[in-house]
Amino acid sequence: MTQYDTAVARYFEAWNATGPEARAKAVAAAWIEDGDYTDPLAGARGHEQLAAVIAGAQEQFPGHEFRLTGAVDGHHHMARFCWELVSTADGSAPVAATDVITLAEDGRIRSVLGFLDRVPTTG
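Residues numbered from 1 in each chain as written. Predicted model: local features only at pLDDT ≥ 70, side-chain atom pairs only at ≥ 80, totals over all residues. Heavy atoms only, no water.

Observations concerning unusual backbone geometry
And then number 1: Of note in this structure, His76 is not a glycine but carries a positive phi near 45°.
And then number 2: Of note, His77 is a non-glycine position whose phi angle comes to about 65°, a positive value.
And then number 3: Among the secondary structure elements, His77 is positioned in the loop between strand E3 (64-75) and strand E4 (78-87). (Helix = DSSP H or I, 4+ residues; strand = E, 2+ residues; numbered from the N terminus.)

The following block contains the structure:
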């Protein structure tokens, strides 16, 4: 497993961690203290804000989990990967995205730039 695979595995552990304590622990393992996350719908910096964004996504999509789709591609402390948000009940995946992460020297995430490829339609 490469440093990129390890970082992405920790990333998904954080996004799928349930409960405030487990989520806080997983966020701290995945991101540096002042790490950040940005996508078209959310922005966060620091462990507390990151945990809040994750909790919000879990509240919006109960019964779903974040899953890697395909391989992680990395070089020069950066990696990109694709994921889906999958219903554990029926396997549907209303959200899909491509993320690009930058790693700190210790292998944790410094920053995430998320690009939403598929989102649910409203109306």
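Looking at the UniProt feature "domain: SnoaL-like" (unreviewed entry) in the protein
And then number 1: When the UniProt feature table is mapped to this numbering, "domain: SnoaL-like" (unreviewed entry) covers residues 8-111.
And then number 2: Within residues 8-111, the helical portion is 33% and the strand portion 45%, while the C-alpha atoms at the span's ends are 12 Å from each other. (UniProt positions renumbered as here; feature names shortened; annotations may be inferred.)

Regarding helix H3 (residues 47-60)
And then number 1: Between the first and last C-alpha of H3 there are 20 Å, a value that for 14 residues agrees with the 20 Å anticipated at 1.5 Å per step.
And then number 2: Every buried residue belonging to H3 is among His47, Leu50, Ala51, Ile54, Ala55, Ala57 and Gln58, and all of these are buried. Projected onto a plane normal to the axis of H3, the buried residues spread over an arc of 160° and lie on a single side. Opposite the buried face of H3, at more than 90 degrees from it, the exposed residues are Glu48, Glu59 and Gln60.
And then number 3: In the core, the buried residues of H3 are packed alongside helix H1 (3-16), helix H2 (20-30), strand E1 (31-39), strand E2 (42-45) and E3. (Expected span 1.5 Å × (residues − 1). Buried < 20%, exposed > 50% of the residue type's maximum accessible area, 1.4 Å probe, protein only. Arc of directions from axis to C-beta. Contact = heavy atoms within 4.5 Å.)

A short note on the pattern of salt bridges
And then number 1: Tallied over the entire structure, the rule returns 5 salt bridges.
And then number 2: The salt bridge partner of Arg80 is Asp73, with a shortest N-O separation of 3.1 Å.
And then number 3: Between Arg108 and Asp106 there is a salt bridge, and its shortest N-O distance comes to 2.9 Å.
And then number 4: A relative accessible area of 46% means that Asp106 is categorised as partly exposed. (Salt bridge = Lys/Arg side-chain N within 4 Å of Asp/Glu carboxyl O.)

Notes on the packing of aromatic side chains
And then number 1: Under the counting rule described, the total for this entry stands at 8 aromatic pairs.
And then number 2: With a centroid separation of 5.3 Å and 70° between ring planes, the pair formed by Tyr11 and Phe81 is classed as edge-to-face. With Tyr11 in helix H1 and Phe81 in strand E4, this pair connects stretches of sequence that are 70 residues apart.
And then number 3: Judged by relative accessible area, which is 2%, Tyr11 ranks as buried. (Phe/Tyr/Trp six-rings, centres within 6.5 Å; stacked < 30°, edge-to-face > 60°.)

Observations regarding the layout of surface pockets
And then number 1: For the largest pocket, the calculated volume is near 370 Å³.
And then number 2: Lining the largest pocket are 18 residues, and of these Asp39, Leu41, Ala57, Gln60 and Phe61 lie nearest its centre.
And then number 3: Among the elements of the structure, E1, H3 and E4 are those that each provide at least two residues to the lining of the largest pocket.
And then number 4: Top contributing element to the lining of the largest pocket by residue count: H3, with 4 residues.
And then number 5: Tallied by class, residues from the lining of the largest pocket come to 14 nonpolar, 3 polar and 1 charged. (1 Å grid on protein atoms, 1.4 Å probe; cavity = no way out; pocket = protein on both sides within 12 Å on 5 of 7 lines; lining within 4 Å. Points joined across faces, edges and corners; volume = space filled by probe spheres on them. Nonpolar A, V, L, I, M, F, W, Y, C, P; charged D, E, K, R; others polar.)

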